[in-house]
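# Notes for the structure review
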Amino acid sequence: MLAVLSCIAIDHNPLSLIGAVVVCVLGSFLTMRLFSRMRNTRGAMRASWTALTAIIGGSAIWTTHFVAMMGYDTAVLTGYEPTATLLSLVLAIAVTGAGLSIATATQRSLLIEAGGAIVGAGIASMHYIGMSGYEVQGHLEWDNSYVAASLLAAGLFGAMATSRVARPVTRFCRYGGGLALVLAIASTHFIGMTALTVVPNSAASMPANMLPESVMTVVLMFVTLLILAIGAMTYVIDRQSNKSAVERYRQLSLHDALTGLPNRAAFLERVGHVMETPTARNERIYVFSFDLDRFKEINDVHGHAAGDHVLRVVAERMTRNLRSGEFVARIGGDEFIAVSPRIFTAAEAENFARAIITEINASIEWQGLTLSVGTSIGVTVYPDAAEDVDDLLAQADIAMYRAKATGSNNICFYDKSMDQAARERSALAMDMRTGLQRGEFQLYFQKQNNTKSGEVIGFEVLLRWLHPRRGMVSPVEFIPIAERTGFIMELGDWVLRQACVEAVKWGNPLKIAVNVAPKQLANANFPQRVREILAETGLDPARLELEITESGIIVDQQHALLIIRQLKAIGVKIAMDDYGTGYSSLSTLQLFPFDKIKIDRGFIDNVADNRQSAAIVRSTLILAQSLDIPVLAEGVENAEHLRFLQDEGCEQVQGYFYGRPQPLSEIQDIVNPPPAAAKVGLEASADAGQISEGKPGDLAA
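Here the residue numbering is sequential within each chain, running from 1 through the sequence in written order. Given that this is a predicted model, residues contribute local features only at a pLDDT of at least 70 and side-chain atom pairs are listed and counted only at 80 or more, while totals for whole chains, interfaces and linings are drawn from all residues. Excluded from the side-chain calculation are hydrogens and water; included are all heavy atoms of the structure.

With that settled, consider the overall build of the chain. Scanning the chain from N- to C-terminus turns up 26 helices and 21 strands. Partly exposed describes any residue whose relative accessible area lies between the buried limit of under 20% and the exposed limit of over 50%, with all areas from a 1.4 Å probe on protein chains only and scaled to the type maximum. The burial tally for the chain puts 48% of its 701 residues in the buried class. Expressed as a percentage of contacts within the chain between residues at least 6 apart in sequence, the contacts between residues at least 24 apart total 74%. Runs of H or I in DSSP of at least four residues are treated as helices and runs of E of at least two as strands, each being numbered from the N terminus. We call two residues in contact whenever any of their non-hydrogen atoms come within 4.5 Å of each other.

Moving on, we get to the packing of helix α9 (residues 264-276) against helix α13 (residues 389-405). The description of two helices packed together rests on the angle between their axes and the distance between the axes. Orientation of α9 relative to α13, taken along the N-to-C sense of each, is 120 degrees, at an axis distance of 9 Å. In terms of their interaxial angle, α9 and α13 are classed as oblique. Considering the relative orientation of α9 and α13, their crossing is right-handed. On the side of α9, the interface is formed by R264, F267, L268, V271, G272 and M275, while α13 contributes V389, D390, L392 and L393. To get an axis, fit a line to the C-alpha atoms, keeping to the stretch in contact for a helix; angles then go from 0 to 180 degrees between the N-to-C directions. Should an angle fall under 35 degrees it is called roughly parallel, over 145 degrees roughly antiparallel, and 65 to 115 degrees roughly perpendicular, with every other angle called oblique. Each crossing is labelled by how the near helix is turned from the far one, with a counterclockwise turn of less than a right angle marking it left-handed and a clockwise turn marking it right-handed.

So, on to the pairing of strand β18 (residues 596-599). The two faces of β18 match: K596 and K598 on one face and I597 and I599 on the other face are all buried. Two strands form a pair only when DSSP identifies at least two bridges running between them. Across 3 bridges, strand β17 (residues 573-579) lies against β18 in parallel orientation. Each residue of the ladder has a partner; that of M576, found in β18, is I597.

Stacked, tilted and edge-to-face are the three classes applied to pairs of Phe, Tyr and Trp rings, where Trp contributes its six-membered ring and a pair requires centres within 6.5 Å; stacked means planes under 30 degrees apart, edge-to-face means over 60, and tilted covers the rest. Scanning the entire structure with this criterion turns up 15 aromatic pairs. Pairing F441 with F478 gives two aromatic rings, centres 5.7 Å apart and planes at 75 degrees, and the pair type is edge-to-face. Taken together, the residues F441 in strand β12 (residues 441-450) and F478 in helix α15 (residues 475-485) connect sequence positions 37 residues apart. An identical accessibility class is assigned to F441 and F478; each is buried. Among the aromatic side chains, those forming a connected cluster through ring pairs are W62, F66, Y80 and Y134. The ring of Y444 has R464 sitting right over it, with the charged end atom 5.6 Å from the ring centre. Placement of a positive charge over a ring is assigned whenever Lys NZ or Arg CZ falls within 6 Å of the ring centre and within 35 degrees of the normal to the ring plane. The lysine or arginine in question, R660, covers the ring of Y656, its NZ or CZ lying 4.5 Å from the ring centre.

Looking at where N263 falls in the secondary structure, it is placed in the loop between α8 (213-253) and α9. A distance of 3.2 Å separates a polar side-chain atom of N263 from the backbone nitrogen of A265. Whenever two N or O atoms come within 3.5 Å, that pair is a polar contact, provided that in protein one can donate a hydrogen and the other can accept it, and provided that, for residues adjacent in sequence, both atoms are side-chain atoms.

What follows covers the pattern of salt bridges. Opposite charge on two side chains permits pairing when their charged atoms draw close. Within this document, salt bridges are pairs made up of a side-chain nitrogen of Lys or Arg and a carboxyl oxygen of Asp or Glu, the two lying within 4 Å of each other. One pass over the full model with this rule turns up 20 salt bridges. Among the charged side chains, a salt-bridge network with shared partners connects D493, R497, R529, E532 and E536.

For the rest of this paragraph, the subject is the sheet that holds strand β11 (residues 411-413). To summarise the sheet geometry, strands pair through backbone hydrogen bonds and adopt either a parallel or an antiparallel arrangement. Strand order across the open sheet formed by 5 strands is β6-β7-β5-β10-β11, with mixed pairing between neighbours. Each end of this open sheet is capped by a strand with a single partner; those strands are β6 (327-330) and β11. Here the average twist between neighbouring strands, direction ignored, is 20 degrees. Note that strand β10 (residues 377-382) and β11 share 3 bridges and pair parallel. If you follow V379 over to β11, its bridge partner there is F413. Packed onto the sheet, α9 meets β5 (285-291), β6, β7 (335-340) and β10 and runs at close to 140 degrees relative to β6. In the packing of α13 onto the sheet, the strands contacted are β5, β7, β10 and β11, and the crossing angle to β10 comes to about 150 degrees.

This part covers the nonpolar core. When a protein is soluble and globular, its nonpolar side chains tend to lie buried together. Buried residues of nine kinds, namely Ala, Val, Leu, Ile, Met, Phe, Trp, Tyr and Cys, make up a nonpolar core once their side-chain atoms join them within 4.5 Å. With 77 residues, the main nonpolar core has V530, L544 and L546 as its most contacted residues. Ranked by residues supplied to this core, first place goes to helix α16 (residues 488-503) with 7 residues. Apart from residues no more than four positions distant in its own chain, L546 is found in contact with L496, V514, V516, F526, V530, L567, V572, K573, I574 and A575. Counting 39 residues, the second-largest nonpolar core is a separate cluster that includes L52, F66, Y72 and V182.

Topologically, E135 is positioned in strand β2 (residues 134-136). For E135, the residues in contact, after removing those within four places along its chain, are L77, T78, G79, E81, M206, P207 and M210.

On to helix α6 (residues 144-166), then. With 23 residues, α6 extends 33 Å between its outermost C-alpha atoms, agreeing within 8% with the 33 Å of an ideal straight helix rising 1.5 Å per residue. All of the buried residues in α6 are V147, S150, A153, A154, G155, G158, A159, A161, T162, S163, V165 and A166. Each helix should span, by expectation, one fewer than its residue count multiplied by 1.5 Å.

Right, let's talk about helix α18 (residues 526-537) for a bit. Taking 1.5 Å as the rise per residue, α18 with 12 residues should run 16 Å; its terminal C-alpha atoms sit 17 Å apart, in good agreement. Among all positions in α18, only F526, P527, V530, I533, L534 and T537 are buried. Along the axis of α18, the buried positions cluster into a sector of 125 degrees, meaning they face one direction only. The inward-facing, buried residues of α18 contact α16, α17 (518-522), β16 (544-549) and α20 (557-570). Directly beyond the C-terminal end of α18, a positive phi value near 85 degrees is found at G538. The arc in question is the one traced by the directions running from the helix axis out to the C-beta atoms.

Residues with no salt bridge and a relative accessible area higher than 30% make up the patches, which join like charges within 9 Å and nonpolar side chains (Val, Leu, Ile, Met, Phe, Trp, Tyr) within 5 Å. Areas reported here follow the Shrake-Rupley algorithm with a probe of radius 1.4 Å; residue values treat only the protein chains shown as occluding. Residues L15, I18, V22 and L26 make up a contiguous nonpolar surface patch of about 410 Å² in total accessible area. If you trace the backbone, L15 turns up in helix α2 (residues 14-39).

Excluding glycine, residues mostly carry a negative phi; peptide bonds, for their part, are mostly trans. For N409, which is not a glycine, the phi torsion comes out positive at approximately 65 degrees. Here N409 shows up in the loop between α13 and β11. Judged by relative accessible area, N409 falls into the partly exposed class, the value being 28%. A positive phi is found at D628, a non-glycine position, where the angle reads about 60 degrees.

The score called pLDDT rates the predictor's confidence residue by residue, from a low of 0 to a high of 100. Of the residues in the chain, 87% reach a pLDDT of 70 or more, and the chain-wide mean stands at 83. The element-level mean pLDDT for the chain is lowest in helix α26 (residues 678-691), coming to 42, with strand β15 (residues 511-515) highest at 96. Under a pLDDT of 50 for its full length, residues 678-701 has, in the predicted model, 44 contacts with residues more than four places off or in other chains.

Another aspect to go through is the environment of H189. Relative to the helices and strands, H189 resides in helix α7 (residues 173-194). H189 sits in the buried class, given a relative accessible area of 6%. For H189 and A154, which are 35 residues apart along the polypeptide, the C-alpha to C-alpha distance reads 9.2 Å.

This brings us to the environment of N508. Positionally, N508 belongs in the loop between α16 and β15. N508 sits 160 residues away from Q668 along the chain, and the two C-alpha atoms are 9.8 Å apart. In this structure, N508 is in contact with R543, I670, V671 and P673, ignoring residues within four places of it in sequence. A polar contact is formed between the side chain of N508 and the backbone oxygen of I670, at a distance of 3.2 Å.

Within β17, 5 of the 7 residues are buried, leaving the element largely enclosed by the surrounding structure. For β16 and β17, the ladder comprises 5 bridges, and the chain directions are parallel. Each residue of the ladder has a partner; that of E545, found in β17, is K573.

Structure, rendered in structure tokens:
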């Protein structure tokens, strides 16, 4: 050890030694950083990084050796044989590249250390091949024990260098690989030089083709600067590329790939950052939550390409008029959040929301089709209502669902009282599934009567829920929840099947009318399901009437028409429910093969004292008569309603005037009448219809 230290301190010029150390440290750390980059690269690019790392590493090893040799004191004339000197450079590059390639070929095995040991062997081979071209006026003698020690040190520190990069255990290990390579190069050189003794011979002649030290100095300076400059520039460029890639990945991670809008993570980050600023408590941040009505139906009918187009168009429309500081984020499939810190009053917020509704309601063209969506918006404001961004989002959602409950294109501002209502709705949503399994749902039947005779001609099937704790839950409460959660598909299927199961047992083969939810009608498999239920239960298809609303057909009329034609091919009847409340038009009645029109109860309720309602009912009856479509009027509650409809020629009615919806047990005398009493019962029912006034009550639906 003392001999090695003596060699370093006495036999080498300090300036040359400092230069060699600088080259060795810079080259070693740069090489190991590039080696780390190699390990993180796959495919064809790895070969390029391997070649670059081999050139940088081999050149650093070679340059360190010869810079140190420039200051080696021999007291005799020295020079360098060109072939061996150049061969040592090529050997250093080649073996370094081979060793690093082997160390990169695996993630965990001992090939990592084996590759490093080969790099060490390359250092040693470069040293001794280079020394073979070292010309002195005399001859060289070697101490084999020090030669062996230099080889061992090269292999050991070389293996340690690749190991520290590939198997880091602490943050310091980022630098451990470079330090180990410095030790590999330095120990090989100085232990190897300790093994050397120069024996002078003044009579010895020097080769004519040798390179003098002055020429080697110029070559070394050029190679050192060139290689280190290339390596450093490459490393800097790579770091900048990585930084750009990280920024790009961050951009992608915070933005929706389809629409380019900020995503949920970006919304949480941006709003959270604003809320954390010192002035946040003095500023108002309005948050608008909304999704797209009828979006699922578009996806189901036209496919995801159409749905994606709708989302892109909606996103473009919503962002084109945003002001500084405002943004719109897509946080789910068709769910959006708009944020504005530039609104100061509720009136401004309502105008902002109304502008969004206007943009969304505008029709969207896609492959020759006109698609239509709508929305309802929930609004909340920070810091009035929420303490953090999660509360803000939850409250905006609650307000949105309240807005949707009152119909499409509505705006609702959050109020604390909504939290309790939201919790109750969530509880109902969970209870519905278990309630269906426990048999808590019941079918009720409301009579449909002939206007002139009062005879029962059929029943509308209605759903009731007898909750074990809440008692009878109104359909007005649970049907919207079922539609929002998608449970309406399962619930509607159960109603249809159970109604057929009951009706097929009746001795009096009356018709039954069953409501079909828009989501059921949008399902391409719905006709097949109806066919299966009829086959299972044995009900005559002619006794089944399916009631659909205009909202179920307006999203995609072509698809709805196809489904309705398939249903009619089975033999079931199709009725348009709630006529007059939606998009009713002559073209709709001409296009769809309806077997019946049901006038909404809202018009019948005002028919006696409202000229507009009376005109609508009268014109509907005239239109239906011209199209040869029967009409049933809902909501008939008194004799005045009945007389108006009789005078106008309406042949079928339904309402409290003839009775409220009843469970099956209460209509047994009608559906399964005793043979002798059947005729008498019908006559009594007709007489009662002529004289009873009836009483208004709760909604039957």
